[in-house]
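Geometric and topological summary
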Amino acid sequence: MIRSLMALALLFVPTLVRAEAPADGQRLILVTMDGTRWQDVFRGPDKALVAEPKFTHPDWKETVEKAWGTGPAVMPFVHSLPAQGGVLHGNRDAGQCMRVTNPMWFSYPGYNELLTGRPDPAITTNDKNWNRNVTFLEWLNRRPGFAGKVRMYGTWDVFPYIINDKRSGVPVNGESPGAHPTETRTMRDAQAALRSAADMRVLYVALGDTDEFAHEGDYAQYLASMNRDDDFIAELWRMAQADPAWRGRTTLIVTTDHGRGAKPGAAWTEHGSAAAWKLAPADYTIADPEGFPGSDAIWLAAVGPGVHAAAPGSACLTQSQIAASALSALGEDWKAFDAGAGAPLPFFAGR
Ligand SMILES: [Zn+2]
């Protein structure tokens with residue numbers, strides 16, 4: 001009985017091997033939208049901020065209210081992902097939870113956590129320090145099948161340091177390394193790379209206008225940036241589906257490095273923990289020893305063959321789980337990258 005079952009099993013081995021082999025190498029598109037609050041993604045425009053001329057110029061009030069009255073109106077593509085077999089997570093009004101685990105709640109510590117799979121409490125500034133930690137992009141860039149096929153485009157001139165382009169060999173901003181391009185330029189370059197670099201397997205695009213406009217206190221332009229970013233992401237996804245090299249084997253992940261203050265009034269313009277505020281109060285426009293509660297809250301959207309709808313459970317998901325999620329979507333062993341990294345998010349487990 002046992003012997004015949006084994007013989008039967010052996011007969012099926014070649015079929016099983018074929019079925020489990022990833023179709024010609026999985027690919028990944030990761031997009032981050034700096035400092036984009038879950039409140040605005042899910043609820044849409046905050047009525048109090050729209051009513052305040054200091055934050056929403058009266059010329060924009062009607063557009064904001066009529067065209068972008070809800071979260072799905074501000075970011076229609078991202079909101080369409082669950083209906084396409086993807087996920088959109090982080091809506092605390094619906095009992096969902098996702099947060100950063102680094103103690104700072106600002107950019108460098110956030111991107112480090114997102115890309116390395118764990119927080120580094122020693123990173124306490126956004127200064128241009130070469131990252132001592134290895135990102136999953138750097139690890140992949142040394143893997144067979146990925147070497148030379150990992151690219152990054154970003155608007156912030158600290159990214160070469162976070163990615164440690166000198167050590168990692170991951171090119172930042174392609175033809176114009178070291179530049180501090182506008183968001184439009186970054187979008188155009190990333191789309192050109194997707195069109196022309198047929199063998200690229202990992203594309204990371206970091207957009208920063210959302211955070212810039214929020215710090216300026218311009219709520220209408222912050223929302224306009226979210227809307228433009230959503231359009232850009234939709235177009236990247238459309239391009240990937242139109243290209244036989246990318247179609248059917250590409251996973252898209254969209255997320256953010258940190259949230260923003262949740263208190264009423266001007267707190268939305270800032271972000272950072274009480275610890276961050278105490279370290280460098282002069283960096284903030286608002287004096288508040290509590291820092292900016294709520295700016296540890298983040299969200300994530302994803303779609304593609306690496307993603308499946310799953311109950312997230314009751315635990316709050318974390319930014320430190322994104323690196324392992326990305327690697328799982330690529331069919332890579334995230335524990336070989338860093339067994340101490342956050343485990344893949346439930347939407348990615350099982351690969
Ligand atoms: Zn910021």
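Residues numbered from 1 in each chain as written. Predicted model: local features only at pLDDT ≥ 70, side-chain atom pairs only at ≥ 80, totals over all residues. Heavy atoms only, no water.

Next up on the list: the coordination of the zinc ion. In ideal tetrahedral geometry, four donors around a metal make angles of 109.5 degrees, whereas ideal octahedral geometry with six donors gives angles of 90 or 180 degrees. Within the protein, Asp211 (OD), Asp211 (OD), His215 (NE2) and His271 (NE2) serve as the donor atoms for the zinc ion, at 2.1 to 2.5 Å. Expressed as a motif, the donor residue spacing for the zinc ion is D-x3-H-x55-H. Of the two residues, Asp211 is situated in helix 12 (residues 209–215) and His271 in the loop between strand 6 (250–255) and helix 14 (274–279); the sequence distance between them amounts to 60 residues. For the residue pair Asp211 and His271, the accessibility class agrees, reading buried in each case. (Donors = N, O, S within 2.8 Å, 3.2 Å for Na, K, Ca; no water. Helix = DSSP H or I, 4+ residues; strand = E, 2+ residues; numbered from the N terminus. Buried < 20%, exposed > 50% of the residue type's maximum accessible area, 1.4 Å probe, protein only.)

Overall, the coordinates contain 12 aromatic pairs when judged by the stated rule. Between the aromatic rings of Tyr111 and Trp156, the centroid separation amounts to 6.3 Å while the plane-to-plane angle is 45°, which identifies the pairing as tilted. You can see Tyr111 sitting in helix 7 (residues 107–116) and its partner Trp156 sitting in the loop between strand 4 (150–154) and helix 9 (159–162), a full 45 residues away along the chain. The same class applies to Tyr111 and to Trp156, which are both buried. Chaining the aromatic ring pairs together yields one cluster made of Phe55, Tyr219, Tyr222 and Trp268. Above the ring of Trp246, the side-chain terminus of Arg27 is found at 4.9 Å from the ring centroid. The aromatic ring of Phe146 is capped on one face by Arg201, whose charged end is 3.9 Å from the ring centroid. (Phe/Tyr/Trp six-rings, centres within 6.5 Å; stacked < 30°, edge-to-face > 60°. Lys NZ or Arg CZ within 6 Å of the ring centre and 35° of its normal.)

What follows concerns the environment of Tyr284. If you trace the backbone, Tyr284 turns up in the loop between helix 14 and strand 7 (300–303). When the C-alpha positions of Tyr284 and Ala267 are compared, they lie 11 Å apart, and in sequence the two are 17 residues distant. With near-sequence residues (within four places) excluded, Tyr284 lies in contact with Phe106, Glu270, His271, Gly272, Ala276, Trp277 and Phe292. (Contact = heavy atoms within 4.5 Å.)

Bringing the state of the cysteines into the picture now. Taken as a whole and assessed by the stated rule, the structure comprises 1 disulfide. Here Cys97 connects covalently by a disulfide to Cys316, the sulfurs 2.0 Å from one another. Measuring handedness by torsion sign, the sulfur bridge of Cys97 and Cys316 sits at about -75° and is left-handed. Of this pair, Cys97 sits in the loop between strand 2 (87–89) and strand 3 (98–99) while Cys316 is found in the loop between strand 7 and strand 8 (317–318), placing the two residues 219 residues apart along the sequence. Here Cys316 falls in the partly exposed class, since its relative accessible area comes to 22%. (Disulfide = S-S within 2.5 Å.)

Before going further, it helps to examine the pairing of strand 6. Of all 6 residues in strand 6, 6 are buried; the element is thus mostly enclosed. Residues of strand 6 alternate between two faces, with Thr250, Leu252 and Val254 on one and Thr251, Ile253 and Thr255 on the opposite face, all of them buried. Relative to strand 6, strand 1 (residues 27–33) runs parallel, the two being bridged by 6 bridges. Opposite Ile29, over in strand 6, you have Leu252 as the bridge partner. (Pairing = 2+ DSSP bridges.)

With that settled, the discussion passes to the pattern of salt bridges. If you walk through the whole model with that rule in mind, you get 17 salt bridges. Between Arg167 and Glu138 there is a salt bridge whose closest N-O contact spans 2.8 Å. Highlighted residues: Arg167 in helix 10 (residues 165–168) and Glu138 in helix 8 (residues 136–140), separated in sequence by 29 residues. Owing to a relative accessible area of 33%, Arg167 belongs among the partly exposed residues under this scheme. Given the relative accessible area of 0%, Glu138 is considered buried. For the salt bridge of Arg228 with Asp209, the shortest nitrogen-to-oxygen distance reads 3.3 Å. In this pair, Arg228 is assigned in helix 13 (residues 219–242) and Asp209 in helix 12, connecting sequence segments 19 residues apart. Its relative accessible area of 33% is what places Arg228 among the partly exposed residues. What you see here is one network of salt bridges that share partners, running through Arg37, Asp40 and Asp46. (Salt bridge = Lys/Arg side-chain N within 4 Å of Asp/Glu carboxyl O.)

This part is about the sheet that holds strand 7. If you trace the 6 strands from one edge of the open sheet to the other, you get 2-7-6-1-5-4, paired in mixed fashion. If you trace the sheet from one side to the other, it starts and ends with strand 2 and strand 4, each paired once. Sheet twist, expressed as the average angle between the axes of neighbouring strands with direction ignored, equals 10°. Against the sheet, helix 7 engages strand 1, strand 5 (202–207) and strand 6, with an angle of about 165° to strand 1. (Axes fitted to C-alpha atoms, helices over the stretch in contact; angles between N-to-C directions.)

Bringing the environment of Ala297 into the picture now. Inspection of the secondary structure assignment puts Ala297 in the loop between helix 14 and strand 7. A residue is classified by how much of its surface remains accessible, and Ala297, at 3% relative accessible area, is buried. Separated by 262 residues in sequence, Ala297 and Gly35 place their C-alpha atoms 10.0 Å apart. For Ala297, the residues in contact, after removing those within four places along its chain, are Trp38, Arg92, Met98, Arg99, His258 and Gly259.

In terms of burial, strand 1 is a largely internal element, 7 of the 7 residues being buried. Covered by surrounding structure in strand 1 are Arg27, Ile29, Val31 and Met33 together with Leu28, Leu30 and Thr32, the residues of both alternating faces. When strand 1 meets strand 5, the two strands line up parallel, connected through 6 bridges. Paired with Ile29 across the strands is Leu203, a residue of strand 5.

In short, the description is geometric, and any link to function would need to be established separately.
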